[in-house]
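What follows is the residue order along each chain.
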Amino acid sequence: MRLSFTPSILKSIRLPFLFFTLVCFQLAGQQITFHQIPQDLQLYPRNEKNIANIPISGRMKAGTAGSISVLIKKGKIPYSYAKTALKTSGDFNLNLSIRAELVAYNLDVYWLNGKDSSFLAHRENIVAGDVFLVSGQSNSYTGKDHPKVYKGEFARSFGRNPDYENYTPYNPGDTLWSISNSPSDVGLFASELQKLLIEKQKIPICIINGGSGGSSMEYNLFRSTNPYDLKTSSGKLNYRAMKAGVSQQAKAFIYRQGENEASGNAPEWLANFKKHSELLKKEFPNIQKIYLPQINILHGELSLQSWIREGQRSIANENNFIRGFATIGTK
């Protein structure tokens, strides 16, 4: 005998099932706390084998039976799977990995109990790649709203400057990943570097830019007793890098600054930059280079500008860790 269901019968079946499913999802969600889980759009730093580790950990309500499983998809195709039994305390810990390539991964987390499973979390557009940090004054970060600023799919950043000049204390709750310049501030100069790196290396790139308009060498050098002081230039950038989980994996630091001293404290710039570079090595211990673009030729009677350019040229010649280059003639 062939069964036939009218729309009204199907509706009567579907609604209780949907209600039951939603209740199960809600109950499972109420029992879990994630300690580590990716954000949408997050970039994980790759290692020397071109692999990035993705830790996922948390706790279900104590005494909960079963296990936690994670499925990673490369686009829509299953890529890897892991499962671990819940401890008596409800704790769980998994470590998965993805390759650094121009591909976005998606991730689903489930609670398994016997033959039943409950959905716990979904994350999208997770990537692996390299991280670079940028700071300085306005030439390092302006141009986020320029119509031609780069906003590529594999260009990532974290957090955003609290105002255009970036002098307002940072909002500690601003800890979201995004496409560069949408809304995280990366700017024209750094975004163009990001675009070139993505095209050349064929991997996603994260740039976190802590530049501030018109800032002096002294302002960028200053550290308080709190390394994450959200009122200071260094503290704000340190905080964002720490919250993004990239402080220990940043590849290089790009510092574009010096125009401020071209009409002021030029004689102290070089000594202060040397102090700044030594502190950066301690704060970001795995950076391989500090890149120091020379200031451009400035308009007006700024007689000390050549002093700054010479300091930027000379330190790059005497210190292999610092790489300098001219910006004269660039667009």
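The sections below set out a description of the structure shown in this document. Computed from a predicted structure; not experimentally measured.

The rules we used
Think of each chain on its own: its residues are numbered from 1, step by step along the sequence as written. Owing to the predicted nature of the model, reporting of local features is limited to residues with pLDDT of at least 70; listing and counting of side-chain atom pairs is limited to 80 or more, with chain, interface and lining totals taken over all residues. The basis for every side-chain value is the complete set of non-hydrogen atoms in the structure, without hydrogens or water. Numbering of helices and strands runs from the N terminus; a helix is a DSSP stretch of H or I covering at least four residues, while a strand is a stretch of E covering at least two. Each residue is placed in one exposure class: buried if its accessible area under a 1.4 Å probe, protein chains only, is under 20% of its type's maximum, exposed if it is over 50%, and partly exposed if it falls in between. Whether two residues touch is decided by their heavy atoms; if any such pair falls within 4.5 Å, the residues are in contact. All accessibility values rest on the Shrake-Rupley procedure with a 1.4 Å probe; residue burial counts only the protein chains present in the view. Asp and Glu count as negative and Lys and Arg as positive, but His and the ends of the chain are not part of the count. Taken as the charge location is NZ of Lys, CZ of Arg, CG of Asp or CD of Glu. What makes two strands pair is DSSP finding at least two bridges between them. In this analysis, rings of Phe, Tyr and Trp, with Trp reduced to its six-membered ring, are considered paired at centre separations within 6.5 Å, and the interplanar angle assigns stacked below 30 degrees, edge-to-face beyond 60, and tilted for intermediate values. Definition used: whenever NZ (Lys) or CZ (Arg) falls within 6 Å of the ring centre and also within 35 degrees of the ring normal, the charge is taken to sit over that ring. Every case where a carboxyl oxygen of Asp or Glu lies within 4 Å of a side-chain nitrogen of Lys or Arg is listed as a salt bridge. Residue count minus one, scaled by 1.5 Å, sets the expected span of a helix. Only the stretch in contact is used when fitting a helix axis, every axis being a line fitted to C-alpha atoms; angles between N-to-C directions are given from 0 to 180 degrees. Residues belong to a common nonpolar core when they are buried Ala, Val, Leu, Ile, Met, Phe, Trp, Tyr or Cys residues joined through side-chain atoms within 4.5 Å.

Side note on the overall build of the protein
Thinking step 1. Helix and strand content of the protein: 7 helices and 14 strands.
Thinking step 2. The principal-axis extents of the C-alpha atoms in the protein amount to approximately 95 × 45 × 35 Å.
Thinking step 3. Burial statistics for the protein: of 331 residues in total, 46% are counted as buried.
Thinking step 4. Of all intrachain contacts in the protein linking residues separated by at least 6 positions in sequence, the fraction that spans at least 24 positions is 71%.
Thinking step 5. Only carbon and sulfur atoms are counted for the fraction: they give 55% of the accessible area of the protein, which is about 17,100 Å².
Thinking step 6. A distance of 10 Å separates the average location of the 39 positive side-chain charges in the protein from that of its 26 negative side-chain charges.

Here we look at the environment of E268
Thinking step 1. Relative to the elements of secondary structure, E268 occurs in helix α6 (residues 266-283).
Thinking step 2. Sequence separation between E268 and I308 is 40 residues; the distance between their C-alpha atoms is 9.6 Å.

A short note on the pairing of strand β6 (residues 91-99)
Thinking step 1. Side-chain alternation along β6 places F92, L94, L96 and I98 on a buried face and D91, N93, N95, S97 and R99 on a face that remains uncovered.
Thinking step 2. Judged from the 9 bridges that link them, strand β3 (residues 51-60) and β6 form a sheet pairing that is antiparallel. If you follow I54 over to β6, its bridge partner there is L96.

Brief notes about the packing of aromatic side chains
Thinking step 1. If you walk through the whole model with that rule in mind, you get 10 aromatic pairs.
Thinking step 2. For the cation-ring pair, R256 lies above F189, with the distance from its terminal atom to the ring centre recorded as 4.4 Å.
Thinking step 3. Positioned above the aromatic ring of F321, the side-chain terminus of K281 is 4.7 Å from the ring centre.

Digging into the side chain of R309
Thinking step 1. In this structure, R309 sits in helix α7 (residues 305-318).
Thinking step 2. No salt bridge is formed by the buried R309. Its closest oppositely charged neighbour is E310, at 8.2 Å.
Thinking step 3. Residues contacting R309, with those up to four places away along its chain left out, are Q294, I295, N296 and I297.

Some thoughts on helix α3 (residues 187-201)
Thinking step 1. With 15 residues, α3 extends 21 Å from end C-alpha to end C-alpha; this agrees with the ideal 21 Å at 1.5 Å per step.
Thinking step 2. Taken together, the buried positions of α3 are G187, F189, A190, S191, Q194 and I198.
Thinking step 3. Next to the buried residues of α3 lie β8 (116-136), α2 (138-141), β9 (155-158), β11 (205-209), β12 (252-256) and β13 (289-293).
Thinking step 4. At the exit of α3 stands K202, carrying a positive phi of roughly 65 degrees.

Here's the deal with the sheet that holds β3
Thinking step 1. The strand order across the open sheet formed by 3 strands is β1-β3-β6, and the pairing between neighbours is antiparallel. Each edge of the sheet is formed by a strand with only one pairing partner; in this case those strands are β1 (32-36) and β6. Across the sheet, the mean angle from the axis of one strand to that of its neighbour is 25 degrees, orientation sign disregarded.

Thoughts on the nonpolar core
Thinking step 1. The biggest cluster of nonpolar side chains holds 37 residues, and the ones touching the most others in it are I68, V70, F92, I98 and V109.
Thinking step 2. At the level of secondary structure, the elements contributing two or more residues to this core comprise β3, β4 (67-74), β6, β7 (105-113), β8, α3, β11 and β12.
Thinking step 3. In contact with I68, not counting residues within four places along its chain, are M60, A82, K83, T84, L86, F92, L94, V109, Y110, W111 and L120.
Thinking step 4. Formed by 34 residues, the second largest nonpolar core is a distinct cluster that contains A104, F158, A241 and F284.

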